[in-house]
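Descriptive analysis of the structure
What follows is each chain in one-letter form.
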Amino acid sequence: MLFCCNILVFVGGSSNSHYPPNKVIIWDDHQSHCIGEFAFRSDVRAVKLRRDRIVVVLEHKIYVYSFLDLKLLRQIETLANPRGLCCLSPHSNTSVLACPGLHRGQVRRGVDRADIYSIALSPNVQWLAVSSDKGTVHIFNLRARVFGEDSSSQQSFVQGPAIFHQNSSTSLDALISPSTGANPGSSLSFMRGVLPKYFSSEWSFAQFHLPEDTQFIAAFGSQNTVIVVGMDGNCYRCTFDPVHGGEMLRQEYVRFLKPDSRPR
């Protein structure tokens, strides 16, 4: 749903569904009819909406469309993304999109490999939250540079974290580069370009640790607050220090499900 209005977007399902899983339908609930649709060669993994943008996520590619005329604005190649990981800033004057990139090792959530469960941008586009199967929510400082419409900055793209800024209908500018220094880095990062990419990686700015046997998703609240919800019915509200980072503080905990009613 597009915020709280009458515009809905849905994706087809299984063979018994009215629409196939590779089709996106834009529905006006006030007029009770379809006002647009997209069809792709592979299944749709996720759809993100803004008042002026539609973002369709496939397993290896992301398409960004104008909501006004459904014109394709950009295609973004990604690593395999079966969960459809993607997040979009809600601001109308500046669009920021975060998604898996084509290259590994620029921004890391930890030392070993992990399955990423969710990614989320803060409303001010300064922070990125990432949850994984290692039982930790990581916060990255993006140090976003939001350019105005009259910016004379040249367009640039970074190889690594696929985080883009858009200030017109035709261009996407990179928000960050691996050299911003906003997040802690490897102690051997001074040998960037000599040692493997891991040693020049940036790690998370703040962390919150959770049980590893449950899938969690994270989202931002107000004033440096992060809300974490688990499939086991546990919900946490925690805060992080925007200056020093480090371990986040748990402010509130609520359990919505009984142990024997955990979703399967």
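See the structure printed just above.
Residues numbered from 1 in each chain as written. Predicted model: local features only at pLDDT ≥ 70, side-chain atom pairs only at ≥ 80, totals over all residues. Heavy atoms only, no water.

1. Digging into the overall build of the protein
- When you go through the protein residue by residue, the secondary structure sums to 0 helices and 20 strands.
- Relative to its 264 residues, the protein shows a buried fraction of 44%.
- A sequence separation of at least 24 residues applies to 41% of the contacts in the protein between residues at least 6 apart.
- With the model as given, the accessible surface of the protein reaches about 14300 Å², and the carbon-plus-sulfur share is 51%. (Helix = DSSP H or I, 4+ residues; strand = E, 2+ residues; numbered from the N terminus. Buried < 20%, exposed > 50% of the residue type's maximum accessible area, 1.4 Å probe, protein only. Contact = heavy atoms within 4.5 Å. Areas by Shrake-Rupley, 256 points an atom, 1.4 Å probe, with all protein chains shown as cover.)

2. Regarding the sheet that holds strand E20 (residues 249–255)
- Read across the open sheet, the 4 strands follow the order E16-E17-E18-E20; overall the sheet is antiparallel. On the outer flanks of this sheet lie strand E16 (216–220) and E20, each paired with one strand and no other. Strand after strand, the sheet turns through a mean of 20 degrees between neighbouring axes, direction not considered.
- Pairing between strand E17 (residues 225–230) and strand E18 (residues 234–239): 5 bridges, direction antiparallel. Bridge assignment links Val229 to a residue of E18, and that residue is Cys235. (Pairing = 2+ DSSP bridges. Axes fitted to C-alpha atoms, helices over the stretch in contact; angles between N-to-C directions.)

3. Observations regarding the sheet that holds strand E15 (residues 206–209)
- Sheet architecture is open: 5 strands sit in the order E10-E11-E12-E15-E19, paired in mixed fashion. One side of each edge strand has no neighbouring strand; the edge strands of this open sheet are strand E10 (116–121) and strand E19 (246–247).
- In this structure, strand E12 (residues 136–141) lies alongside E15, joined through 4 bridges in antiparallel fashion. In the strand pairing of E15, His138 is matched with Gln207.

4. Digging into the environment of Asn234
- As for its position among the elements, Asn234 is in strand E18.
- A relative accessible area of 5% means that Asn234 is categorised as buried.
- The spatial distance from the C-alpha of Asn234 to the C-alpha of Val254 is 6.0 Å, given a sequence separation of 20 residues.
- Ignoring sequence-local partners within four residues, the contact set of Asn234 consists of Phe216, Val228, Val229, Tyr253, Val254 and Arg255.
- At 2.8 Å, the side chain of Asn234 and the side chain of Asp232 are in polar contact. (Polar contact = N/O pair within 3.5 Å; in protein donor to acceptor, adjacent residues only side chain to side chain.)

5. Some remarks on the nonpolar core
- Counting residues in each nonpolar core, the largest one holds 18 residues, and the members touching the most others are Val137, Ile139, Val226, Val228 and Met248.
- Looking at this core, the elements with two or more residues in it are strand E11 (127–132), E12, E15, E16, E17 and E18.
- The element contributing the most residues to this core is E16, with 3 residues.
- With residues near it in sequence (within four places) discarded, Met248 still touches Val137, Ile139, Ala206, Gln207, Phe208, Val226, Cys238, Thr239 and Phe240.
- Ranked by size, the runner-up nonpolar core spans 14 residues in total, among them Val9, Leu49, Ile54 and Leu58. (Core = buried A, V, L, I, M, F, W, Y, C linked by side-chain atoms within 4.5 Å.)

6. Re the pairing of E17
- The pairing of E16 with E17 spans 5 bridges and is antiparallel. Residue pairing across strands places Phe220 opposite Val226, the latter belonging to E17.
- Following E16, the chain reverses through 4 residues before pairing antiparallel with E17; Gln223 in that reversal takes a positive phi of roughly 50 degrees.
- Joining the antiparallel neighbours E17 and E18 is a turn of 3 residues, in which Gly233 adopts a positive phi near 90 degrees.

7. Section: unusual backbone geometry
- Here the phi dihedral of Ser32 falls at roughly 60 degrees; this positive angle occurs in a residue that is not glycine.
- In this fold, Ser32 is placed in the loop between strand E2 (23–28) and strand E3 (33–39).
- The class of Ser32 is partly exposed, set by a relative accessible area of 48%.
- Positive phi values are uncommon outside glycine, yet Val125 reaches one of about 65 degrees.
- Secondary-structure assignment places Val125 in the loop between E10 and E11.
- Classification of Val125 as buried rests on a relative accessible area of 4%.

8. Regarding the side chain of Ser122
- Residue placement: Ser122 occurs in the loop between E10 and E11.
- Of the polar contacts made by the side chain of Ser122, one reaches the side chain of Asn124; its length is 2.6 Å.
- Among residues more than four places away in sequence, those in contact with Ser122 are Trp127 and Phe220.

9. Here we look at the layout of surface pockets
- Taken as a whole, the second largest pocket encloses approximately 380 Å³ of empty space.
- Around the second largest pocket, the lining is made up of 22 residues, and of these Lys48, Cys86, Cys87, Leu88 and Ile119 lie nearest the centre.
- Of all the elements in the fold, those that place two or more residues in the lining of the second largest pocket are strand E4 (46–49), strand E8 (87–88), E10 and E16.
- Counting residues per element, the lining of the second largest pocket draws most heavily on E10, which supplies 5 residues.
- Among the residues forming the lining of the second largest pocket, the class breakdown is 14 nonpolar, 5 polar and 3 charged. (1 Å grid on protein atoms, 1.4 Å probe; cavity = no way out; pocket = protein on both sides within 12 Å on 5 of 7 lines; lining within 4 Å. Points joined across faces, edges and corners; volume = space filled by probe spheres on them. Nonpolar A, V, L, I, M, F, W, Y, C, P; charged D, E, K, R; others polar.)

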